[in-house]
Amino acid sequence: MSRILKQDYRAADFQQLSQMILNHPLMKTATESDQLQLQKLRTPEYRTKCVMRASLDDIALGINLYKLQLGGDKPAAKTEKVKFAPVGRSACKSGKPPATPFIKVLLRKTPLVVLFERPSMTAERDSEEGRQVLADNQRYEELLAGTDKSRRTVDADTQTLTALKKSRLVNTERLCTDHVASYVSNFEMFDTYKDLEASTKKVQVQGEQEMQVTTYKVGGVDQFVAINSLPSFRLALMLTMRILASNVFEPEQRRFRNMTPPDPFAEDVQFKYRLRLLWRLSPPSPVASVRQAVTAVSFCPNNGDIMAVSYGIYTFAQLSAPMRRGFVYVWNIKNPVNPERCYNYKVPVVTVKFSPSSPQLLAIGLHNGNIEVRDISQPDQPPLAISQRNSSVHFEPVTAIQWIQRSDGDVSGEVEITPFLAASQAGAITKYQLINSPHLLGFEHQRFERAEGELEGIPLQRPAQQVPLLANRHPQCLELVLDPVQSDIYYVLTDEGTLYKCSTNYPLQHLELRQVHESPAVCMDFSPWSPKLYLTCGSDWCIRIWLAGIISPVITLQHHLSPVHCARWSRTHSTILVSLSHTTVDIWDLRYSTLKPVSSTTIDAKICYTTFRFAHCGSSLAVGNEAGNLLMLSFEDMPFPPHFQYRQLKRAIYKALSLEPALKQQVKSVGHFGYPRGEKLTTMQ
């Protein structure tokens, strides 16, 4: 049981403790002179912020003054009665001792004091400093030129006593040389030069330029071949080439990604509708030697920097080529010099198409009617699936491929792999499905017959055939386009100039048939701002704009006396469309004129164009030609996109129909032909 502490007992303890503190030796050393010196070191900043500006010695002295070492065993030499002031109630109730004082030390950086400096008196000749020294020396010689001012100088090499082994740019060890005797016979020299000739190869760089590369064999084995087969080396080489290409094509790459848009507040704005060449994707030597044409271009849906390009035959004049081969190259704008994926085929390639649900899958249509699906993320692997003859019996070229949504709603695995439709020149539409097999599961979905009689659309007189030709009873399918709103509807263009409207839910029959051109129709594209407005182009030199619900074409564009190979709506302006003729790239603006394009661009006038595609941003397009080159063009000096795109499109159509009041009234009767809330379809390619 603890005893109760009384007030007198506590006072006696405090008195004894204070007496021990006063009698301590350290307290006696603190004289009055030391305390006065310590008071001089204190400043107003110390009194307010508890900061002391002093040296380290002063800090050590102050710590010794306040340091207490209490010894409880030693008795006090002298006792004195010390009276303490009464303690406040708040301190007694809390029971906590008062806060102990502390010392805060601030270490500040002192000014830099240079003890010794010896600047260099020499400079490198190739540097900027060296060129200034040469200019000063020449100026000095010019000032001293003359009889009275000449000085006798001698040019000589000097060196310090210690040899200089390092320079400011190179940090390597000194090379030691020595004279060593060696004997080489004529036979060894002959064999060495023979090996050099055999191991030296010419590598094509940037199209026409060539570079000689020499590889050495160790034990009869070429080490570069073994190293090049490693996947890690290929990946490192690909990344290195991207970095090197960015040093050359960085401004063009920024423009391709639309990172440098025009200034809307510029004073000298001019609308010239011109196209600027960013770079040229030249194929490697096999394609360049055979002159394979660019037949199709497809941008990756998830990454607009990646595009697949197919090379094959575009005109019948190339059918007599000695080597009819095909190629599929996957390009990346980070490396416009060399493709990152290369696939070779024994037959020409007609079309390629990326999958929207699985962007790494690429469907490839060949000239002999076969179809392959490849995974570009695995370059060394064989195709995932190949079509077989028992389900795809056609030998005609596959002209178009479109991936569609699954009609049964089944999902295989974590990612849904959708089927795709393939159009053939045999007049058949085949539906293919990826299954757990090396072959594609396909069946014939549509089979078209030659059109007879008078059709809706443009008036066309068809001569009646007295004797039917059985070998030509099916039209050739040239284009396959999906409907932007209804996922089960698709459209097919044929060589008769007809347009078939079909559905995946109703196989072996079409829903609608319309005559859109007098000659083969080759391209069709829906407006990004209207699911009912679309255009078609063909070999009858015309571009026709159609509106759903109206039989006749709304607007007909014709300028060149040559076939229109391709035409598409702009992705940034609702009234602008781009067409591709034999030698020119034309830009049409419906707001200004429907009689002629606002600009016509010709690049490589002697080479015919084949097809083109817009980039995802809409400010650039890729144009292919028959020489196998893919031209990346960007739109320059274009008008600013209107805020209300649909309203501007509607005004342009009404203005073009000013001289046709009956047709204008039909367009007005259709009503609103845009999207419900004025949105834009951005996923269409």
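The model shown is predicted, which means the values in this text are computed figures rather than measured ones.

About the thresholds
- Residues numbered from 1 in each chain as written.
- Predicted model: local features only at pLDDT ≥ 70, side-chain atom pairs only at ≥ 80, totals over all residues.
- Heavy atoms only, no water.
- Helix = DSSP H or I, 4+ residues; strand = E, 2+ residues; numbered from the N terminus.
- Buried < 20%, exposed > 50% of the residue type's maximum accessible area, 1.4 Å probe, protein only.
- Areas by Shrake-Rupley, 256 points an atom, 1.4 Å probe, with all protein chains shown as cover.
- Pairing = 2+ DSSP bridges.
- Axes fitted to C-alpha atoms, helices over the stretch in contact; angles between N-to-C directions.
- Patch = residues over 30% accessible without salt bridge, like charges linked within 9 Å, V, L, I, M, F, W, Y side chains within 5 Å.
- Salt bridge = Lys/Arg side-chain N within 4 Å of Asp/Glu carboxyl O.
- Phe/Tyr/Trp six-rings, centres within 6.5 Å; stacked < 30°, edge-to-face > 60°.
- Core = buried A, V, L, I, M, F, W, Y, C linked by side-chain atoms within 4.5 Å.
- Contact = heavy atoms within 4.5 Å.
- Expected span 1.5 Å × (residues − 1).
- pLDDT = per-residue confidence, 0-100.
- Disulfide = S-S within 2.5 Å.

Colleague: For the overall build of the chain, give the residues involved together with the corresponding values.
Modeller: Secondary structure assignment for the chain yields 13 helices and 33 strands. Going through the 685 residues of the chain one by one, you find that 38% of them count as buried. Within the structure as shown, the chain displays about 43700 Å² of accessible surface, and the carbon and sulfur contribution to it stands at 55%.

Colleague: Report on the sheet that holds strand S11 (residues 361–366), specifying residues and quantitative values.
Modeller: With antiparallel pairing, four strands are arranged side by side in an open sheet as S10-S11-S12-S13. Of all strands in the sheet, those bounded by a partner on one side alone are strand S10 (349–354) and strand S13 (385–386). Both S11 and strand S12 (residues 371–375) contribute to a ladder of five bridges, which runs antiparallel. Of the residues in S12, the one forming a bridge with leucine 362 is arginine 374.

Colleague: Requested: an account of the sheet that holds strand S6 (residues 293–299), with residues and values cited.
Modeller: Here four strands make up an open sheet; going across it, the order is S6-S7-S8-S9 and the pairing antiparallel. The open sheet has two free edges, formed respectively by S6 and strand S9 (341–345), since each of these has just one partner strand. Going across the sheet, the axis of each strand differs from the next one's by a mean of 15°, ignoring polarity. In the sheet, S6 pairs with strand S7 (residues 306–312) via six bridges, with the strands oriented antiparallel. Note on S7: the bridge partner recorded for phenylalanine 299 is methionine 307.

Colleague: I'd love a proper account of a nonpolar patch on the surface, names of residues and values included.
Modeller: Judged by side-chain polarity, Val113, Leu115 and Phe116 come together as a nonpolar surface patch covering roughly 440 Å² of accessible area. Tracing the sequence through the fold places leucine 115 in the loop between helix H6 (89–94) and helix H7 (128–143). Look at leucine 115 and you get exposed, because its relative accessible area is 81%.

Colleague: Let's hear about the packing of aromatic side chains: which residues, and what values?
Modeller: Inspection of every chain in the model, using the stated rule, returns 14 aromatic pairs. Both rings, one in phenylalanine 614 and one in phenylalanine 635, keep their centres 6.1 Å apart while their planes meet at 15°; by these two values the pair is stacked. Here phenylalanine 614, found in strand S31 (residues 609–614), pairs with phenylalanine 635, found in strand S33 (residues 630–636); they are 21 residues apart in sequence, far enough to count as distant. Each member of the pair, phenylalanine 614 together with phenylalanine 635, is buried.

Colleague: Please set out the nonpolar core residue by residue, giving values where relevant.
Modeller: Among the nonpolar cores identified, the biggest contains 44 residues, and Leu621, Val623 and Ile653 are the most heavily contacted of them. By residue number, the principal contributor to this core is helix H12 (residues 645–656), which donates five residues. Every residue in contact with valine 623, bar those within four places of it in the chain, is listed here: Leu580, Val585, Tyr609, Thr611, Phe612, Asn629, Leu630, Leu631 and Leu633. The next biggest cluster of nonpolar side chains, apart from the first, holds 20 residues, and it includes Ala245, Leu281, Met307 and Tyr329.

Colleague: Go over H12, please, and point to the residues and values.
Modeller: A rise of 1.5 Å per residue sets the reference length of H12, with its twelve residues, at 16 Å; its end C-alpha atoms lie 17 Å apart and thus fit the reference within 8%. All buried positions along H12 are accounted for by Gln645, Tyr646, Gln648, Leu649, Ala652, Ile653 and Tyr654. Where the residues of H12 are buried, they touch strand S23 (521–527), strand S24 (530–538), strand S26 (555–557), strand S27 (566–569) and helix H13 (661–670).

Colleague: Any details on the environment of alanine 245? Residues and values, ideally.
Modeller: Mapping alanine 245 onto the fold places it in helix H10 (residues 231–256). It is 7.4 Å that separates the C-alpha atoms of alanine 245 and valine 337, two residues lying 92 residues apart in sequence. In this view, alanine 245 contacts Gln253, Lys334, Asn335 and Pro336; residues no more than four positions away in its chain are not counted.

Colleague: Outline the pattern of salt bridges, listing residues and values.
Modeller: Any two side chains of opposite charge can pair, given that their charged atoms come close. Taken as a whole and judged by the stated rule, the model has 16 salt bridges. A salt bridge links aspartate 380 to arginine 234; the nearest nitrogen and oxygen atoms lie 2.7 Å apart. With a gap of 146 residues between them, aspartate 380 in the loop between S12 and S13 and arginine 234 in helix H10 connect regions that are remote in the sequence. Several salt bridges converge on common partners, so that one network encompasses Arg255, Arg276 and Glu636.

Colleague: A description of the environment of tryptophan 569 should follow, citing residues and the corresponding values.
Modeller: Tracing the backbone shows tryptophan 569 in strand S27. Owing to a relative accessible area of 0%, tryptophan 569 belongs among the buried residues under this scheme. In sequence terms tryptophan 569 and methionine 524 are 45 residues apart; their C-alpha atoms lie 9.8 Å from each other.

Colleague: Go over the confidence of the model for the chain with me, naming the residues and quoting the values.
Modeller: Averaged over all residues, the pLDDT of the chain is 79; the fraction at 70 or higher stands at 75%. Scored below 50 in pLDDT, residues 45–52 shows 13 contacts in the model against residues more than four places distant or in partner chains. A low-confidence stretch, residues 68–94 (pLDDT under 50), is modelled with 21 contacts involving residues beyond four sequence positions or located in other chains.

Colleague: Quick one: what's the story with the pairing of S33, residue by residue and with numbers?
Modeller: Of all seven residues in S33, seven are buried; the element is thus mostly enclosed. Alternating residues of S33 divide into Leu630, Met632, Ser634 and Glu636 and Leu631, Leu633 and Phe635, and every residue in both groups is buried. For strand S5 (residues 274–281) and S33, the ladder comprises seven bridges, and the chain directions are antiparallel. Looking across to S33, one finds that arginine 276 is bridged to serine 634. Bridge count for strand S32 (residues 620–625) against S33 is five bridges, and the pairing is antiparallel. Each residue of the ladder has a partner; that of leucine 621, found in S33, is leucine 633. Remark: four residues form the turn of the hairpin made by S32 and S33, two consecutive strands paired antiparallel; glycine 628 in that turn has positive phi of roughly 90°.

Colleague: Explain unusual backbone geometry residue by residue, including any values.
Modeller: The backbone phi angle of tyrosine 273 is positive, close to 50°, even though this residue is not glycine. Assignment of secondary structure puts tyrosine 273 in the loop between H10 and S5.

Colleague: Let's hear about helix H8 (residues 186–199): which residues, and what values?
Modeller: Taking 1.5 Å of rise per residue, the 14 residues of H8 would be expected to cover 20 Å, and the 20 Å separating its terminal C-alpha atoms lies within 8% of that figure. Burial analysis of H8 places just one of its 14 residues in the buried class, a small minority of the element.

Colleague: Describe the environment of leucine 493, with residues and values.
Modeller: One can find leucine 493 in strand S20 (residues 489–494). By relative accessible area, which is 0% here, leucine 493 ends up buried. When the C-alpha positions of leucine 493 and leucine 480 are compared, they lie 6.7 Å apart, and in sequence the two are 13 residues distant. In this view, leucine 493 contacts Gln476, Cys477, Leu478, Glu479, Thr498, Leu499, Val516, Ala521, Val522, Cys523 and Met524; residues no more than four positions away in its chain are not counted.

Colleague: Provide a residue-level description of the side chain of aspartate 586, including the pertinent values.
Modeller: Position of aspartate 586 among the secondary structure elements: in strand S29 (residues 585–589). In this structure, aspartate 586 is in contact with His560, Leu577, Val578, Ser579, Ser581, Pro597, Ser599 and Ser600, ignoring residues within four places of it in sequence.

Colleague: Describe the state of the cysteines, and please don't skip the residues or the numbers.
Modeller: Under the criterion given, the structure shown has zero disulfides. Of all cysteine sulfurs in the structure, the one in cysteine 523 sits closest to cysteine 537, which takes part in no disulfide; the separation is 4.5 Å. Judged by relative accessible area, cysteine 537 falls into the buried class, the value being 0%.

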